[in-house]
Amino acid sequence: MAANRLLQHYVDNARRLPWRAMPGETPAEPYRVWLSEVMLQQTTVAAVSPRFERFLRRWPTVDALAAARDEDVLSEWAGLGYYARARNLIACAREVAARGAFPTTENELRKLPGIGAYTAAAIAAIAFGRRALVMDTNVERVVSRLNGIEIPVAESRVRLRELLDGMTPAEHAGDFAQAMMDLGSTICRPRAPLCGGCPLSSDCVACASGEPERYPAPKRKALRPVRYGVARWIERNGCIWLVRRPAKGILGGMAALPGPEWTDEPESHPQVVGHVTHVFTHFRLELDVVAAAKPSGEGWWQSLDTLADAGLPTLYRRAAEAVLLPRRALAA
Ligand code: ADE
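As the structure is a computational prediction, the values presented were derived from the model and not from experiment. (Residues numbered from 1 in each chain as written. Predicted model: local features only at pLDDT ≥ 70, side-chain atom pairs only at ≥ 80, totals over all residues. Heavy atoms only, no water.)

### Concerning the packing of helix α3 (residues 45–58) against helix α5 (residues 70–77)
No. 1: For the pair α3 and α5, interaxial distance at closest approach is 11 Å and the crossing angle is 160°. Taken as axis vectors, α3 and α5 run roughly antiparallel relative to one another. Here α3 runs over α5; the crossing is right-handed. Contacts from Arg51, Arg54, Phe55 and Arg58 of α3 reach α5 at Asp72, Val73, Glu76 and Trp77.
No. 2: Of the residues assigned to the contact of α3 with α5, the class counts are three nonpolar, no polar and five charged. (Axes fitted to C-alpha atoms, helices over the stretch in contact; angles between N-to-C directions. Helix = DSSP H or I, 4+ residues; strand = E, 2+ residues; numbered from the N terminus. Parallel < 35°, antiparallel > 145°, perpendicular 65-115°, else oblique. Left-handed = near helix turned anticlockwise from the far one by under 90°. Contact = heavy atoms within 4.5 Å. Nonpolar A, V, L, I, M, F, W, Y, C, P; charged D, E, K, R; others polar.)

The following block contains the structure:
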């Protein structure tokens, strides 16, 4: 079974880390596990290791930390960043000291300041040997690759948890959690994973694909919202009817083809003679150019021969090209 192979690989290869009990040893104290997991949020193992040891020398127990002065803890934290973590750390230490010990279940751990789903699961598994789903970004990548989940992890978290649940053994919860983390950071790396040394490669869809790096896909860029517009193409005697846009708002005061305000819903139109997709900073515009017979409101006739001098912004210059270029191609 995959979990057994991973655990054996961990027994043979576990990294020695200051907060870690090696496989077969008594689990690390919850204070050490908690402190290391908080420090490791957004900070690398290499940066955390010396700081963890120094912190522990200064405050060897949760009671000692609970009795510390806030400013001493904050200055000891200097350089680790994300100082809200340090403030939560003090609050959490005081709560734990007041209740006498760390709670031992994920649910109870979750209620402490600064302890979220990941940290609660990690402490429950690593310090108390409870089966828990310990899913950090490394583990998300490992599970995505094993199962060939290509979509970005932000869109597959529920599925990834189910899959992790399916492979998490009942025993050796702490070793399994840390084995998955180690695998993610040393072998199943984001770039250039070392599949040749991976105990799970024979079960891994991404490895079998020959392009493991493709899994999971990077986070999608936020999609620009789409707006829809209509521009009227009113042509007479070699001229088209142009208007000036209202002074306020997008393209304010610019020359333009006439048309109603842009909307959030697409509509279909008869007599579409051209189309442009135009990307603005905050949205994408899909603009249909439709033939119309008569002008209305204020505007002017602009000769097609001098259209380049009309001061049209790119959107409308492209809209005019969408109509005129096919015509010129036909004439050529
Ligand atoms: N990253 C976060 N927690 C870790 C742990 N317990 N072991 C290795 N890497 C980690």
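After that view of the structure, there is still more to cover.
### Description of the pattern of salt bridges
No. 1: Within this structure, the stated rule accounts for 19 salt bridges.
No. 2: Its salt-bridge partner being Glu235, residue Arg327 comes within 2.8 Å of it at the nearest N-O pair. Of the two residues, Arg327 is situated in helix α13 (residues 314–331) and Glu235 in strand β2 (residues 235–236); the sequence distance between them amounts to 92 residues.
No. 3: Under the relative-accessibility criterion, Arg327 is labelled partly exposed at 39%.
No. 4: Via salt bridges that share partners, Arg15, Arg20 and Asp182 belong to a single interconnected network. (Salt bridge = Lys/Arg side-chain N within 4 Å of Asp/Glu carboxyl O. Buried < 20%, exposed > 50% of the residue type's maximum accessible area, 1.4 Å probe, protein only.)

### Quick look at the domain arrangement of the chain
No. 1: Structurally, the chain comprises domain 1 (2–214) and domain 2 (226–331).
No. 2: Centre-to-centre, using C-alpha coordinates, domain 1 lies 57 Å away from domain 2. (Domains from an automatic or database assignment.)

### A closer look at the packing of aromatic side chains
No. 1: Using the criterion set out here, one finds nine aromatic pairs in the structure.
No. 2: The interplanar angle of 90° and the centroid separation of 6.3 Å between the aromatic rings of Phe55 and Trp77 together place this pair among those described as edge-to-face. Of this pair, Phe55 sits in helix α3 while Trp77 sits in helix α5; the two residues are 22 residues apart in sequence, bridging distant segments of the chain.
No. 3: For Phe55, a relative accessible area of 1% puts it in the buried group.
No. 4: With relative accessibility at 0%, the residue Trp77 sits in the buried group. (Phe/Tyr/Trp six-rings, centres within 6.5 Å; stacked < 30°, edge-to-face > 60°.)

### Examining the site of the ligand
No. 1: Contacts to the ligand come from Arg15, Leu17, Trp19, Arg20, Glu37, Leu40, Tyr118, Ile126, Gln178, Met181 and Asp182.
No. 2: Between a nitrogen atom of the ligand and a side-chain N or O atom of Arg20, the distance comes to 3.0 Å.
No. 3: Tyr118 is positioned with one of its side-chain polar atoms (N or O) 3.3 Å from a nitrogen atom of the ligand.
No. 4: Counting residues per element, the ones that place at least two in the shell around the ligand are α2 (30–40), α8 (117–126) and α11 (173–187). (Near = heavy atom within 4 Å. Polar contact = N/O pair within 3.5 Å; in protein donor to acceptor, adjacent residues only side chain to side chain.)

### Digging into the sheet that holds strand β1 (residues 226–233)
No. 1: Read across the open sheet, the three strands follow the order β1-β6-β5; overall the sheet is mixed. If you trace the sheet from one side to the other, it starts and ends with β1 and β5 (272–279), each paired once. Strand after strand, the sheet turns through a mean of 20° between neighbouring axes, direction not considered.
No. 2: Pairing geometry for β1 and strand β6 (residues 284–291), over eight bridges, is parallel. Following the sheet pairing, Tyr228 is matched in β6 by Glu286.
No. 3: Relative to β5, α13 is tilted by about 145°, and along the sheet it contacts β1, β5 and β6. (Pairing = 2+ DSSP bridges.)

### Topic: the side chain of Asp136
No. 1: By the element assignment, Asp136 lies in the loop between α8 and α9 (137–147).
No. 2: It turns out Asp136 is buried and unbridged, and the closest side chain with the opposite charge, Arg141, is 7.4 Å from it.
No. 3: Polar contacts involving the side chain of Asp136 include one to the main-chain amide nitrogen of Val139, which spans 2.9 Å.
No. 4: Beyond its immediate stretch of four places on either side in the chain, Asp136 contacts Tyr118 and Met181. (Lys, Arg positive; Asp, Glu negative; His and termini not counted.)

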